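# Structure assessment
One-letter residues, chain by chain:
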Amino acid sequence: MKAKMILLGCIALAALLFGIGVGSVFVSPGDILSILGNRLFGTSLPEAMPAGYPAMILNLRLPRVLLAFFTGATLAVCGTVMQSILQNPLASPFALGVSSGAGLGAAIVIVSGLSVAGLGAFLLPSVSLLFALGTVFLVVFVAARLDRRMSNVTIILVGMVLSLFCNAVMNLLATTSPGNAQRLQLWQLGSFSMKEWSAVWVLLPVLLIGLLIFLCYGRQMDVMSFGEEQAQTMGVDLRKTKWILMTVIAVLTGTAVALAGIIGFVDLIAPHVVRRWFGASHRRVLPASALFGGTFLVLCDLAARTLTPPREIPIGAITALLGAPFFLYVFFSGRKKRRG
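First, a word on scope: everything that follows refers to the structure included in this document. Since we're looking at a predicted model, the values are computed, not measured. (Residues numbered from 1 in each chain as written. Predicted model: local features only at pLDDT ≥ 70, side-chain atom pairs only at ≥ 80, totals over all residues. Heavy atoms only, no water.)

### Some details on the overall build of the protein chain
- Counting secondary structure elements, the protein chain contains 15 helices and zero strands.
- With respect to the principal axes defined by its C-alpha atoms, the protein chain has extents near 70 × 55 × 40 Å.
- Burial statistics for the protein chain: of 340 residues in total, 51% are counted as buried.
- Residue pairs in contact within the protein chain that sit at least 24 positions apart in sequence constitute 76% of those at least 6 positions apart.
- When the accessible surface of the protein chain is totalled, it reaches about 16,400 Å², and 68% of it is carbon and sulfur.
- When the 25 positive and 11 negative side-chain charges of the protein chain are each reduced to one mean point, those points stand 8 Å apart. (Helix = DSSP H or I, 4+ residues; strand = E, 2+ residues; numbered from the N terminus. Buried < 20%, exposed > 50% of the residue type's maximum accessible area, 1.4 Å probe, protein only. Contact = heavy atoms within 4.5 Å. Areas by Shrake-Rupley, 256 points an atom, 1.4 Å probe, with all protein chains shown as cover. Lys, Arg positive; Asp, Glu negative; His and termini not counted. Charge placed at Lys NZ, Arg CZ, Asp CG, Glu CD.)

### Some remarks on the state of the cysteines
- Counting across every chain of the model gives zero disulfides.
- We note that Cys 78 lacks a disulfide partner, and the nearest cysteine sulfur, in Cys 216, lies 15 Å from it.
- Lacking any disulfide linkage, Cys 300 is separated from the closest cysteine sulfur, that of Cys 78, by 17 Å. (Disulfide = S-S within 2.5 Å.)

### Quick word on the side chain of Thr 295
- Its place among the elements puts Thr 295 in helix H14 (residues 282–306).
- In this view, Thr 295 contacts Ile 11, Ala 12, Ala 15 and Phe 69; residues no more than four positions away in its chain are not counted.

### Considering the packing of aromatic side chains
- A full pass over the atoms with the stated rule returns five aromatic pairs.
- Taking the centre distance of 6.0 Å and the plane angle of 75° together, the rings of Phe 69 and Phe 70 count as edge-to-face. You'll find Phe 69 and Phe 70 in the same group, each marked buried.
- With a centroid separation of 5.9 Å and 85° between ring planes, the pair formed by Trp 277 and Phe 292 is classed as edge-to-face. Residue Trp 277 is found in helix H13 (residues 266–278), and its partner Phe 292 is found in helix H14; the two are separated by 15 residues along the sequence. (Phe/Tyr/Trp six-rings, centres within 6.5 Å; stacked < 30°, edge-to-face > 60°.)

### Details of the side chain of Asp 31
- Tracing the backbone through its elements, the reader meets Asp 31 in helix H2 (residues 29–41).
- The buried charged residue Asp 31 lacks any salt bridge, with Arg 61 as its nearest oppositely charged partner at 9.9 Å.
- Once you skip the residues sitting within four places of it in the chain, Asp 31 turns out to touch Pro 46, Met 49 and Tyr 53. (Salt bridge = Lys/Arg side-chain N within 4 Å of Asp/Glu carboxyl O.)

### Observations concerning the nonpolar core
- In terms of nonpolar packing, the biggest core is built from 106 residues, with Ile 85 and Phe 214 touching the most fellow members.
- For this core, the leading source of residues is helix H3 (residues 53–86), giving 20 residues. (Core = buried A, V, L, I, M, F, W, Y, C linked by side-chain atoms within 4.5 Å.)

### A word on the environment of Gly 235
- Structurally, Gly 235 is set in the loop between helix H11 (228–233) and helix H12 (238–260).
- For the pair Gly 235 and Gln 220, spaced 15 residues apart in the sequence, the C-alpha separation amounts to 9.2 Å.

### Details of the environment of Leu 62
- Residue placement: Leu 62 occurs in helix H3.
- As a C-alpha pair, Leu 62 and Phe 326 span 264 residues in sequence and 30 Å in three-dimensional space.
- With residues near it in sequence (within four places) discarded, Leu 62 still touches Ile 20, Leu 36, Ile 57 and Trp 197.

### Observations regarding the pattern of salt bridges
- Evaluated as defined, the whole model comprises three salt bridges.
- With a closest N to O distance of 2.8 Å, Glu 312 and Arg 64 form a salt bridge. Linking Glu 312 in the loop between H14 and helix H15 (315–339) with Arg 64 in helix H3, this pair joins segments that are 248 residues apart in sequence.
- Here Arg 305 ties to Asp 301 by a salt bridge, and the two come within 3.6 Å at their closest N and O atoms.

### Points about the packing of helix H9 (residues 197–216) against H12
- Their axes nearest at 10 Å, the elements H9 and H12 cross at an angle of 160°. Here H9 is positioned roughly antiparallel relative to H12, judged by the angle of their axes. As H9 packs across H12, the resulting crossing turns out to be left-handed. Contacts between H9 and H12 involve Ala 199, Val 202, Leu 203, Val 206, Gly 210, Ile 213 and Phe 214 on the former and, on the latter, Leu 245, Val 248, Ile 249, Val 251, Leu 252, Thr 255, Ala 256 and Leu 259. (Axes fitted to C-alpha atoms, helices over the stretch in contact; angles between N-to-C directions. Parallel < 35°, antiparallel > 145°, perpendicular 65-115°, else oblique. Left-handed = near helix turned anticlockwise from the far one by under 90°.)

Here is the structure:
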């Protein structure tokens, strides 16, 4: 397992270097490392390096690629936890309405032109995060009213209904506000274009704290994978655990959506692939999901900005093209297992 984790880490590092280096101008990995060494440790730059490379790497490509990696890691980890606590291979923050709720909050800010003194550029992420949390609380509240045991099926159904409602409201806002329609469409499909270091420094600590909390609940999630009845007999407080974990998922997903827009299917693909490689233990699956999800989204972002130059494809379109067939594969393979 340690060798697999090291291999995955090396692949992630290679993807980062590849994502930073490839673009309208190719920058070799050696030059990238030289620029990073110069910034961090004051080492000298190669004389033959063009003068514009350091600014291009440090101000444009590096924050974009790092944000893509951390966003992918965040979504993948949240998908892993969501599938574990709901015992459904198709469960994800995207399907449960968390992403749609966060997107609706952002859409309201964009259309209304709302501004609050002191928040500035952080207003949109703040509102988006509040709507993500509100969506989770509403899903759990309604599910608890419909089913006191808060069964997984009830939570999933309520989440799907709320997700459809939020998407319908976003489409309505886009229709009634033609001037903001393009920006809203971009938000609904996600983009890392023109992202700055501030977005990276907001998401990174949120991801690290959330991952640490998830790891602390690793044993409970391992037990819950055997079923709700088994978990209860082994002393797991299902109601409390679901509340805590879903709240953390809302914070992580809401922050990621607030900074990058709605990006689907990463939270579905990563957990399935990683569990095939690393088994079921969440102490291994969670960090592996973060590495895989980050690598996956960096490569998707690379495809989004290089396939049709000079135009950029929304990254959500790339992940959907890959994720939709994967969704069908998971769905039909699950049906075959149940029949068998």
